[in-house]
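Examination of the molecular architecture
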Amino acid sequence: MATLLRELPSLSSILSAYASISAMIMLLRTILNEMIPTRMQDYISTKLSELISHRFSPNFTYVIEERWKAVDNETFRAIEAYLPTKIGSSTNSLLLGSNDSHSITSPPDIAIPIDSGVVDEFEGMQITWKLYSKENKKYTYPREKRYFHLICHKRFRENVLQRYIPYVSKTAEDILKKRDILNIYTYSQDNGWDSTVFKHPSTFETLAMDEERKRFIMDDLDLFVNRKDFFESVGRAWKRGYLLYGPPGTGKSSLVAAIANYLRYNIYDLQFQSVRNDADLRSILTSTTNRSILLIEDIDCSAKVSRDRNRVKDQEEDSSSDEDNAEEKGNRFSLDPGATLSGLLNFIDGLWSSCGDERIIIFTTNHKDRLDPALLRPGRMDVHIHMGHCTPVGLKKLVTTYLGIKKHDLLSCIEDRIQRIPVTPAEVAQHLMKSDTPEVALQCLIEFLDEKGLEKEQAALLKEHQEDLVKKGKKVVPIAKQDMKHEESDNRSIYLT
Ligand SMILES: Nc1ncnc2c1ncn2[C@@H]1O[C@H](COP(=O)(O)OP(=O)(O)OP(=O)(O)O)[C@@H](O)[C@H]1O
C-alpha cells in the first residue's frame, strides 16, 4: 500500500500537468480562432453535432423540398394542403391570413410558419413535421427555398414511405379537389408568383355567345379532363391549348374566367414581356401547379413571339408597329434578352411539355395575323376560338343578364342595327348598365348604335373619296387602319387545329 502511494503523482504535479494542458488547449484554440474564419468554425461545429446526433438519434428524417428536379414538388404541395388539417395542441404557432379582397369576413386560411412544427399520428406511428426555409442562390427563381422535415422513429421509416406518404397525398388530392376558392397568380421578377382570390362572376351561362359554340367548348373541356389515360396511352402531355382571338371587348378574358369557374382551376396570368430569359421562363412555368390555366394575354404584344420570323414583313406595317420596333431595338441592347418563342413552344409541345398534368394553356390576342406562324401551326394550340362582334343571340343574352328581361318591343330594332353595325359585347353591356329601367337602357343603346352607324357611313364615304383621288393621281392622307378593318382576316368562329 505504502509503495502504491509512493508511486502516485503528487497533487502539485497533477495540478501543474492540468495547468499546462489547459494552457496548450487555450493556445490551440487561439491559433484556430485566428486561422479559421468564424463561418467555417460554425460549419464544422454544426456538421460535428449533426454527425453525433445522427449516429445516436433513434429518429429518421425525410427531407421534402419545394422543388424537385427543376420542377415543383407535388409531394411538397400535398403536405402543404394536408398539414393545416392536423393542427393540434402540439402546435405552438400558426400563420393566419386571407387574400380574399372580396370578403373581409370570410374565414382566414391557416398555414404552418417557417421553423414551426406539427405532430401527426398515423397507424400507431408518431410523425413530426417541421417547415424550414433558406435563401436561394441569387437571380434564380424562386428566391426562397422551403423544405419540410418529416421526423419519425427509425423503425417506422419504411412504413412512413409505403403507407403514410400515399395517405397524405390522397387526402391532399381530395382537399384540393373540393377547394371552393380559386386563386389567380400574377408573376413579377421580384416576388415570383403572387396570388389573390379569384372571384370572377363570368360563367358559360352569362357569356354572350352562340349556344353551340359554348356547348362545343364545354364538351371539349369535359373530354380533356376525363382523358388522363388516353393522353398517356398516345404518349402526349396532358395539356390543352386554346387561342382566343378577336377585337378588344369581345369577351376573351370573360371566356377565360368562365373556363376557370367551370373547371375550378386556378389561373396563372403571365405577362410574357416580364420574363427575363428562357431559363427563367422554364422555372416560372414549371412552378405552376397541376389543374391550372396558364394565361398569356395579348401574346402579339411580345416582340419575341410575334416578330422573330416576320421581321421583314413587319417593316412594311403601319406606323403603330414602329413603336414596337423601337421597343425591340431597345431590348437588343438590354441585359435581359427576354424569353423567346422557341422557349415558349418548348413548354407547349416540346420536351418540357411533359412537366405537369392537367394544364390548360390559353393565349389571347387582338391581332392573330401578327403572330408568328410557328405558334399557329396545326396541333400547337389545339383550339382556335374567334371572339367576334355582338350577334342577335349575344344581344339577347346580355339583355337577359343585365336587365333581367327576355322580351321587349325595342329589341327587334336593336337586332336589326347590330347586324349592320359592328359593336362589341363590351359596348353593348356598357350601355345596358346605364339604367335599371329597360326602356331607358335600350334607348341609350339605340342612340349609341345610330351614332356608330353614322361614323361608319362617314368612314366609308371618306374611303370612297380617297380612292377616287388616288385614281386621279392625287396625294392622300391614309385613313387609320382600324377604321377600315373591323375583323381579323381569319374569323372562322371556332376550329380544332
Ligand atoms: N361575350 C361576352 N359575354 C358577356 N360579357 C361580355 C362579353 N364580351 C365582353 N363582355 C363584357 O365586357 C367586358 C370586357 O370584356 P373582356 O375583358 O372579356 O373582353 P376582351 O376581349 O378580353 O378585351 P381585351 O382584348 O381588351 O382584353 C367584360 O367585363 C364583360 O362585362
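All values derive from a computational prediction rather than experimental measurement.

**Section: the overall build of the protein chain**
- Secondary structure summary: the protein chain contains 19 helices and 16 strands in total.
- A buried classification covers 39% of the 497 residues belonging to the protein chain.
- A separation of at least 24 residues holds for 72% of the contacts in the protein chain among residues at least 6 apart in sequence.
- For the protein chain, the exposed area adds up to about 29,200 Å²; of that, 55% sits on carbon and sulfur atoms.

**Quick word on the sheet that holds strand 6 (residues 117-122)**
- One open sheet holds the four strands; their spatial order is 1-8-7-6, and the pairing between them is antiparallel. The outermost strands of the open sheet, each flanked by one partner alone, are strand 1 (59-65) and strand 6. Mean inter-strand twist for the sheet, computed between neighbouring axes without regard to direction, equals 25°.
- Pairing between strand 6 and strand 7 (residues 125-135): six bridges, direction antiparallel. When the sheet's bridge partners are listed, valine 119 is paired in strand 7 with threonine 128.

**Points about the nonpolar core**
- Phe204, Leu255, Ile360, Ile362 and Ile385 are the most contacted members of the largest nonpolar core, which has 30 residues in total.
- Here this core gets seven residues from one element, more than from any other, and that element is helix 8 (residues 252-263).
- Residues in contact with isoleucine 360, not counting those within four places in the same chain, are Leu221, Phe224, Arg240, Tyr242, Leu263, Tyr265, Ser292, Ile293 and Leu294.
- Counting residues in each nonpolar core, the second largest holds 27 residues, with Val275, Ile284, Leu294 and Leu375 among its members.

**Considerations on empty space enclosed by the protein**
- Evaluated as defined, the whole model comprises one cavity of 30 Å³ or more.
- Empty space within the largest cavity amounts to approximately 40 Å³.
- Around the largest cavity, the lining residues are Leu285, Thr288, Ser292, Leu294, Phe347 and Arg359.
- Residue classes in the lining of the largest cavity are distributed as three nonpolar, two polar and one charged.

**Section: the side chain of threonine 289**
- Within the secondary structure layout, threonine 289 lies in the loop between helix 9 (278-286) and strand 13 (292-296).
- A polar contact is formed between the side chain of threonine 289 and the side chain of tyrosine 268, at a distance of 3.1 Å.
- When neighbours within four sequence positions are excluded, threonine 289 is seen to be in contact with Asp72, Arg77, Tyr268 and Arg359.

**Digging into helix 4 (residues 74-82)**
- Taken residue by residue, helix 4 has Phe76, Arg77, Ala78, Ile79, Ala81 and Tyr82 as its buried positions.
- The elements touched by buried residues of helix 4 are strand 1, strand 3 (71-72), strand 6, strand 7, strand 8 (144-153) and helix 5 (157-178).
- Near the N-terminus of helix 4, the side chain that reaches the backbone nitrogen of threonine 75, with its oxygen 3.0 Å away, is that of asparagine 73.

**Overview of the pairing of strand 15 (residues 383-386)**
- Side-chain alternation along strand 15 places Val383 and Ile385 on one buried face and His384 and His386 on a second face that is also buried.
- Relative to strand 15, strand 11 (residues 239-245) is paired through four bridges, and the arrangement is parallel. Paired with leucine 244 across the two strands is isoleucine 385, which belongs to strand 15.

**Remarks on the packing of aromatic side chains**
- Throughout the structure, instances matching the rule amount to 16 aromatic pairs.
- The interplanar angle of 55° and the centroid separation of 5.3 Å between the aromatic rings of phenylalanine 122 and tyrosine 164 together place this pair among those described as tilted. Linking phenylalanine 122 in strand 6 with tyrosine 164 in helix 5, this pair joins segments that are 42 residues apart in sequence.
- For phenylalanine 122, a relative accessible area of 12% puts it in the buried group.
- Aromatic pair tryptophan 129 and tyrosine 164: ring centres 6.2 Å apart, planes at 40°, arrangement tilted. Residue tryptophan 129 is located in strand 7, and its partner tyrosine 164 is located in helix 5; the two are separated by 35 residues in the primary sequence.

**So, the environment of asparagine 59**
- Structurally, asparagine 59 can be placed in strand 1.
- Sequence-wise, asparagine 59 and cysteine 152 are 93 residues apart; in three dimensions their C-alpha atoms are separated by 5.5 Å.

**Remarks on the pattern of salt bridges**
- Across all of its chains, the model carries 18 salt bridges by this definition.
- Aspartate 219 is the salt-bridge partner of arginine 215, the closest N and O atoms lying 3.2 Å from each other. In this pair, arginine 215 and aspartate 219 both sit in helix 6 (residues 211-225), four residues apart, roughly one turn of the helix.
- Residue arginine 215 is classed as partly exposed on the basis of its relative accessible area of 41%.
- The class of aspartate 219 is partly exposed, set by a relative accessible area of 40%.
- Of the charged contacts in the structure, one is a salt bridge between glutamate 467 and lysine 463, with a shortest N-O distance of 4.0 Å. Of this pair, glutamate 467 and lysine 463 are both found in helix 18 (residues 438-471), four residues apart, which corresponds to roughly one turn of the helix.
- When its relative accessible area of 33% is taken as the criterion, lysine 463 is described as partly exposed.
- Residues joined in a network through salt bridges with shared partners are Glu66, Arg77, Glu80 and Arg146.

**Overview of a nonpolar patch on the surface**
- Together, Met40, Tyr43, Ile44, Leu48, Leu51, Ile52 and Phe56 give the surface a local cluster of nonpolar side chains, amounting to about 770 Å² of exposed area.
- Within the element layout of this structure, leucine 51 appears in helix 3 (residues 38-56).
- Given a relative accessible area of 59%, leucine 51 falls into the exposed group.

**Things to note about helix 18**
- Taking 1.5 Å per residue, 34 residues should reach 50 Å; helix 18 reaches 49 Å between its end C-alpha atoms and fits that length.
- What helix 18 keeps buried is the set Ala441, Leu442, Leu445, Ile446, Phe448, Leu449, Gly453 and Gln466.
- Packed against the buried residues of helix 18 are helix 15 (392-403), helix 16 (411-420) and helix 17 (425-432).
- In the stretch just after helix 18, glycine 473 is the one whose phi turns positive, near 80°.

Calculation notes
Residues numbered from 1 in each chain as written. Predicted model: local features only at pLDDT ≥ 70, side-chain atom pairs only at ≥ 80, totals over all residues. Heavy atoms only, no water. Helix = DSSP H or I, 4+ residues; strand = E, 2+ residues; numbered from the N terminus. Buried < 20%, exposed > 50% of the residue type's maximum accessible area, 1.4 Å probe, protein only. Contact = heavy atoms within 4.5 Å. Areas by Shrake-Rupley, 256 points an atom, 1.4 Å probe, with all protein chains shown as cover. Pairing = 2+ DSSP bridges. Axes fitted to C-alpha atoms, helices over the stretch in contact; angles between N-to-C directions. Core = buried A, V, L, I, M, F, W, Y, C linked by side-chain atoms within 4.5 Å. 1 Å grid on protein atoms, 1.4 Å probe; cavity = no way out; pocket = protein on both sides within 12 Å on 5 of 7 lines; lining within 4 Å. Points joined across faces, edges and corners; volume = space filled by probe spheres on them. Nonpolar A, V, L, I, M, F, W, Y, C, P; charged D, E, K, R; others polar. Polar contact = N/O pair within 3.5 Å; in protein donor to acceptor, adjacent residues only side chain to side chain. Phe/Tyr/Trp six-rings, centres within 6.5 Å; stacked < 30°, edge-to-face > 60°. Salt bridge = Lys/Arg side-chain N within 4 Å of Asp/Glu carboxyl O. Patch = residues over 30% accessible without salt bridge, like charges linked within 9 Å, V, L, I, M, F, W, Y side chains within 5 Å. Expected span 1.5 Å × (residues − 1).

These figures capture arrangement, not role.
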